[in-house]
Structure formats: C-alpha cells, structure tokens
Amino acid sequence: MAESVYKVDAEVVAGLRNAVRDCSDRGLLYASKWAAELLCSLSPTKRQLGQATVPLTNFHTSTPARSRSPRPSISFSVQTPAPITHEPVHAFTLQPPQGDPSMLPVQPPEVLQQEAIWEAEDADQIAMAKTFLDSKEFLRVVHWLRPCKSAKAAFLRVYSQYLESEKEALREWYKLENTREQPPEPVNSSLHELLELVKNATDPWLLFLKTIFLYRLSRREEAMESAILSIAQYPWNWSTWIALGDCLADGDELSSLLPLLPLPSHHPLVLMFQVKTLNSLNSPTDNELGLCDRLLSEDCFPRSMWIMALRGNVLYYLHDFTAAEAQFRKILAIDPYRVDDIDILSNILYVSENNNALSKLAHDYLAIDKDRPEICCIIGNYYSLRAEHEKAVKYFRRATQLDRTYLAAWTLMGHEFVEMKNSHAAIEAYRKAVDVNKKDYRAWYGLAQAYELLGMHQYALYYYQHATALRPYDVRIWQAEGMCYEEMGRLKEATECLRRALIGADPQETTIHLKLAKLHHDLEEFAEAAAYHRRIVEVCRSAQKPIQEWSKSAVYVARYHILQGGGDLALARQYLEWVSVSNAEEVTQANELLRRHLPAAVMRQQQQQQQNAASAGGRAASEGPPIA
C-alpha cells in the first residue's frame, strides 16, 4: 500500500509562516519567497489552522519534526570557488545516524532561552543591520554587529562578510578579463577564514552557513552532515535543502541520502527535495511526476505555483512538451508576472517551433523587466527560431552578464555558435557552462558535438562519455556516440552504443535498428543484420506503415535466408511475395529472387534433407539391432 503524503496541518502552516519571517529577517530572500508562495497557495481556512500555534516570542529557530527534506539550490549570491582545494572528491559514504534520526543533536532549552534573551537585547542593532544588508552595505553590517552576542546577529555578520568577500572576488576576477591570468571562475580567498567563524556552530542558521563554506571547499560529506543537522532543528529553511542538494552528484547519491534525513519519507519537504534534485540533475522519471501530483493534491498544496512549475520541469525533461506547455500556461493564468522558470516555457515553444507564441511571450515579458536573465533567454530563443543567430548570441551573452552562473544561457549560446559553424566560440561557451555546473549533461554533449565538427573524434568521445554517464538512458547521446565511433572506424563499439540507445528508445522505432543492421552487415555479421531488418519489418507491419518504408529490409531478410544460409525459405517467400506485388523500388529484386534464386535454394535444401536422412539411416543400420 502506497504511503500517503502528509496532510497540511497547523504545524506545517506555522512552520511556513515562521519561515517567511525568519528567512526574510536573515536576508535569505529566495527561501522566504518560497515559503510565502507555499503558504499563500493554501486556502484561508487552512491558513487559519496555524494562527494559534505561531510563537509570540521574537526568537524562532526550532521547529522540531522528524521528516525528510527536499533538494534546493543555493539562493543568495554569485558563488566563487576556494583558492586551493587539493582534497579529492570521494565517493558518497556518509554514515547514517545511529538509532532514531529524530534524535539528532538539538539545542537544549536553556540555550534557546539564553539566545532569546540575547536576541531581544540585540533587536535594535539587528534591525539596523538588516537595513544595511538590504542596501548591500555588507561591511557596515559586520561593523555594527560585532559586539552583539545573539546567534541571529552572528548569522547576519558572517553572512554579510561572506557576501562582501564574494563581491571582492568577482571584482578581482573581472580585472583579469580577457587575459591569460584570469582563472575559469572568481576565487574567494576568505572561505577558510569564514569557516573558522562557524566551525563549532550549533545554531541551525549558522550550520547552514557552515554547509555553504564546506561545500565551496569541496568537503561534500562534511557539508551534508552540517546540512542534516541544520534541517533537524529548522526544516523549513529551503536554502538549506538547496545547499544539501548541491552536494549530490547523481541520483544514486540522492537514494543513499534519503534514509539519513530527519524527516519521514512521505513528508512534503522530502518529496519536494527529491523532485527538485532530480530536475537539477536532468533525470526525473514518471515517479517524480507522481510525487508532484501528490503534492498538488487537496491535502497538500493544490494551488502552489512553485510545485506546478516543478511539475512542468519534470514534463519538460521527460520530453512531454504538450503537457509541459499546458502546465506553464496554467501558472501564467494564475500569475502572468511570474518570471521564475519562464525560460523553460520559451524552450518548449522553441522546440515546438511555435513562433507566434514565442514572439508574444518575448514581447509580454520584455515589458516586465528587460534586465532579468530569464527574459533575455526568451528573446534569444525567439531570434534563434527566426535563424537570426547573431542577435540570439547578443541576448544570451547579455543573460550571462546579468548572471555569470546562469547555465542555460551559456549552453544556448554554444548552440548558436554551432549553428554559425563557429566551433571554437561554441567550445568556449560550453566550457563556461561546465564550469558553472558539471552535473548538466547538455554542456558536455555540446562540447562533444563541437569537437566532432572539428573532426577531433577522440576529444568528442571523451565528452560524449561524460554526457552518457550523467544521462545513461538518453537515446540521442548514445546515437551520437555510436556515430562518432563509426566515423573512427570502430564499428564494434558503435554497435554497442546503439544497442544501449535501444534500451531507452521507443519500442516502435526503426531508425536505430536500421543503423545497427548496416553496421552488422559491414562487420559481415549477416545473421545479426538480418535479425534487425526482420524487426523493422515486424514493427512497420504492426504500425500499418506503407511497404515502401520496409521493403528494403524485407528483401534483405529474404536474400539472407536464400543465399547466405539462413534457411527459413518459407519466411523468405512470404516477404518476397509482399514486395513483388507492391510498387516499391525493390520489386525487380524481389521478382528475381522469387523466380531464379528461391527455386534453386528449395532444391538445395531438399537435397540436403535427403542426404541427412540417408546418412542417418546408414548409421542406424551399421549399429544393428539393440542388444536384448
């Protein structure tokens, strides 16, 4: 019996309401917006459930619950790598907590009480510092909160120090632009110092910062442990889930992590985390679509635009573009000014070649905010569909200038350069995309295609292998890798790739079968080639396709059985008779095989059968009667 998802109750409503305030007070605007959208997606009746449970104190850090959590991505500023990280990235081996996961360390009541006292004393300085943070005056926040004792003040101080160090790293990076000395990404030299400030933290918000610093220093397992400890005390900070998800490299690591989370497997946060993580890895399945439907049920968040967008992304990655477009249209009907994920809708309209709808979308959103990278992406897609590739590149480049970490713009820019036959510029754009996110298969796939255009097949193979590792069931990538092997004359490897492509292919497809048949023929493996051709005939006949689409395969199968020792002459006769009475190009070949070669093959087969019968009778006579 399937687990039922948690029903939204007073505890969930109170948790979301507290998260809106607590995250906003600490400058975590993405997490605050996420909680606010979920809260307002509930009916007024349900929102009233949490009114009586909202704490009256100003101190909100602990909402203990045993649940599992969702995967988010970091939501604050542009990130830069640490200067030196020689620590190798190990396989995921985080050990589960001993005993009940709900017994993870939490702050004792006396510590919480003391924190509440300190936070009340620091309230005025914190309020002033928050205005400085909103104005991006990070050094003033650090200066004025230095004497304060509360954990909330400590968070704002360390977080502002981190944002200032990111800004400085980015400034230094741009000074080296277009020079050989410029590293692939800005380098934040303050991460080790920042980590020292929170290394002994027990407050959930400081543990969140510790997660960020550890992840940036490539200490993934420690980062995940810190995130789990933070979630155990305050599960409704979505930015912690985002940081936790960013630590994961693939779906297998996600499966290993889920039992370690301090929430039950059917908690809404865990379901959201699972879907969001697999979307970010470009590998959701029908299971994630079912999880979205559970989250949108009447017991959970039936009017949540955020979960609807999550579902739209799942449909997009499953290549169900019609359903995905309908899902995003539903979101636009609720809120026509929502920019988040609107670039995915533009990608769907581009793939569908819906020029009018894409034009209207670009026009409508250009009037909303021309300086959002997602909107620049929409305009770039519009010009790309019109084959105005130079203008498309202009807008994709503008998107990357607005947000250096905007992965989609780098990848789409690379696609445009490929269309313009500028392979070197395409490679540069795809490399930038890989620098932003090594877990996105599209950049690796783009690099492989660009090197293949240059005739550098060995390089292309390297990148195809990275892409297939990230997308092991992607038919298109396996086909491309197989063609690359074929270009190199490595036909055996090419057939292996195409057989892998068949695993995720439509059972009714024939193109890959036709390619495999050709490769096996070139390898003089005629039985295997005939088997793939026979499959083509069966598929086409069951789909009632015209004979012109499968006559060549039918003649190949017949020729194999007549001339190359296949031996199934009845099947050969049937295939040839079908072709001979059609108007296919192979009619002449079919008639010749029927009239000239088939009778001779039948005669040879009969003679062989007579010889076999005679030899069998001779052996029986020489052995004599059985001994009584």
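Here the structure is a predicted model, which is why all the values come from computation and not from measurement. (Residues numbered from 1 in each chain as written. Predicted model: local features only at pLDDT ≥ 70, side-chain atom pairs only at ≥ 80, totals over all residues. Heavy atoms only, no water.)

Brief notes about the packing of helix α8 (residues 191–198) against helix α9 (residues 204–216)
Counted only if it meets this: Helix axes are fitted to C-alpha atoms over the stretch in contact, other axes to C-alpha atoms as well, and angles between N-to-C directions run from 0 to 180 degrees. A run of DSSP states H or I qualifies as a helix once it reaches four residues; a run of E qualifies as a strand once it reaches two. Both are numbered from the N-terminal end. In these notes the angle categories are as follows: under 35 degrees is roughly parallel, over 145 is roughly antiparallel, 65 to 115 is roughly perpendicular, and the rest is oblique. Take the far helix as your reference; a near helix turned counterclockwise from it by less than a right angle gives a left-handed crossing, and one turned clockwise gives a right-handed crossing. The contact rule is simple, with two residues in contact once any of their heavy atoms fall within 4.5 Å. Only Asp, Glu, Lys and Arg are considered charged, only Ala, Val, Leu, Ile, Met, Phe, Trp, Tyr, Cys and Pro nonpolar, and every remaining residue, Gly among them, polar.
In the contact formed by α8 and α9, the axes pass within 9 Å of each other and the chain directions differ by 150°. Relative to α9, the element α8 is oriented roughly antiparallel. For the element pair α8 and α9, the recorded crossing hand is left-handed. Along its contact with α8, which presents Leu191, Leu194, Leu195 and Val198, the element α9 presents Leu206, Lys210, Phe213, Leu214 and Arg216. Considered class by class, the residues forming the contact of α8 with α9 number seven nonpolar, no polar and two charged.

Brief notes about the nonpolar core
So the rule is basically this: To qualify as a nonpolar core, a set must consist of buried Ala, Val, Leu, Ile, Met, Phe, Trp, Tyr and Cys residues joined through side-chain atoms within 4.5 Å. To sort residues, take the accessible area from a 1.4 Å probe on protein chains only and compare it with the maximum for the residue type: under 20% means buried, over 50% means exposed, and anything in between is partly exposed.
Judged by nonpolar contacts, the single largest core of 158 residues is most densely connected at Trp34, Phe213, Met272 and Phe301. Here this core gets 10 residues from one element, more than from any other, and that element is helix α15 (residues 305–317). The residues contacting Phe213, other than those within four sequence positions of it, are Val158, Tyr162, Leu191, Leu194, Leu195 and Val198. Counting 21 residues, the second largest nonpolar core, distinct from the first, contains Val557, Leu571, Val579 and Ala601.

Considering the side chain of Ser580
Defined as follows: Residues adjacent in sequence count toward polar contacts only when both atoms are side-chain atoms; beyond that, a polar contact is any pair of N or O atoms within 3.5 Å, and within protein one must be able to donate a hydrogen and the other to accept it.
Structurally, Ser580 can be placed in helix α30 (residues 569–580). Residue classification places Ser580 among the buried positions, given a relative accessible area of 18%. Here the side chain of Ser580 touches Glu577 through a polar contact of 3.0 Å, landing on its backbone oxygen.

Details of the environment of His561
By secondary structure assignment, the location of His561 is in helix α29 (residues 551–563). Considered as a pair, His561 and Leu571 are 10 residues apart in the sequence and their alpha carbons are 8.2 Å apart. Setting aside residues up to four positions removed in sequence, His561 forms contacts with Gly566, Gly567, Asp568, Leu569, Leu571 and Ala572. Separated by 3.2 Å, the side chain of His561 and the backbone nitrogen of Asp568 make a polar contact.

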